[in-house]
Amino acid sequence: MSNVCEDQVYSSIFRATSKTLFNYIYYKFGNEEKANDAVQEAFVKLWENCSKVTPEKAKSYLYTVANNMYLNVLKAEKIRLKYAETGKEQSNESPEFLLEEKEYKQKLDNAINSLPENQRTTFLLNRIDGKKYAEIAEMEGVSVKAIEKRMHLALKALREQIDGI
């Protein structure tokens, strides 16, 4: 039987989980540094408890630890989400178009930021990372129905704030 304490098993868990775990926490924190810290801390804790956590439970263990770290750090912090600018190449668009696009993006950022944390996380995991509702439900430890509801509410709120989404 494989054991999380084995380098190979631990490494494969790291490779399979670290990127999505980082995105998950990043979407909640809106802060790369804190997301990195939470992910690192979660993997350190997994290693420290490797004999107590089965390989099957490792993924949910990591999400729980990282999420708890997030909750501890959050306290009174204001959440601010920044998208990594996806390599903007030179454009031949008119200045008016570029200004409108910038204003729209700002509006969208503000609208997404104003969503409750659970709706924002669900929305970003689904729309940016392409995660299925079932995967998000597993990460969040809730039912698929709950994720469907969050997504519905997020889209409704975004529609109300921005025409044309």
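Each remark here, short or long, concerns the structure printed above.
Rules used in this analysis
Residues numbered from 1 in each chain as written. Predicted model: local features only at pLDDT ≥ 70, side-chain atom pairs only at ≥ 80, totals over all residues. Heavy atoms only, no water. Salt bridge = Lys/Arg side-chain N within 4 Å of Asp/Glu carboxyl O. Helix = DSSP H or I, 4+ residues; strand = E, 2+ residues; numbered from the N terminus. Disulfide = S-S within 2.5 Å. Buried < 20%, exposed > 50% of the residue type's maximum accessible area, 1.4 Å probe, protein only. Phe/Tyr/Trp six-rings, centres within 6.5 Å; stacked < 30°, edge-to-face > 60°.

## Re the pattern of salt bridges
Phase 1: Overall, the coordinates contain six salt bridges when judged by the stated rule.
Phase 2: Residue lysine 28 pairs with glutamate 117 through a salt bridge whose shortest N-O separation is 3.2 Å. Of this pair, lysine 28 sits in helix 1 (residues 7–29) while glutamate 117 is found in helix 5 (residues 117–127), placing the two residues 89 residues apart along the sequence.
Phase 3: A salt bridge links lysine 45 to glutamate 41; the nearest nitrogen and oxygen atoms lie 3.2 Å apart. With lysine 45 and glutamate 41 both in helix 2 (residues 32–48), this residue pair falls four residues apart, about one helical turn.
Phase 4: Overlapping salt bridges, with partners in common, bring together Lys28, Glu117, Glu140 and Arg150 in one network.

## Description of the state of the cysteines
Phase 1: Here the structure, examined in full by the defined rule, presents one disulfide.
Phase 2: Between the sulfur atoms of cysteine 5 and its disulfide mate cysteine 50 the distance is 1.9 Å. Because the torsion about its S-S bond is 95°, the bridge between cysteine 5 and cysteine 50 counts as right-handed. You can see cysteine 5 sitting in the segment before helix 1 and its partner cysteine 50 sitting in the loop between helix 2 and helix 3 (55–74), a full 45 residues away along the chain.
Phase 3: For cysteine 5, a relative accessible area of 27% puts it in the partly exposed group.

## Focus: the packing of aromatic side chains
Phase 1: All chains considered together, the criterion is met by six aromatic pairs.
Phase 2: Relative to tryptophan 47, the ring of tyrosine 10 has its centre 4.9 Å away and its plane inclined at 75°; by these criteria the two rings are edge-to-face. Residue tyrosine 10 is found in helix 1, and its partner tryptophan 47 is found in helix 2; the two are separated by 37 residues along the sequence.
Phase 3: We classify tyrosine 10 as buried; its relative accessible area is 17%.

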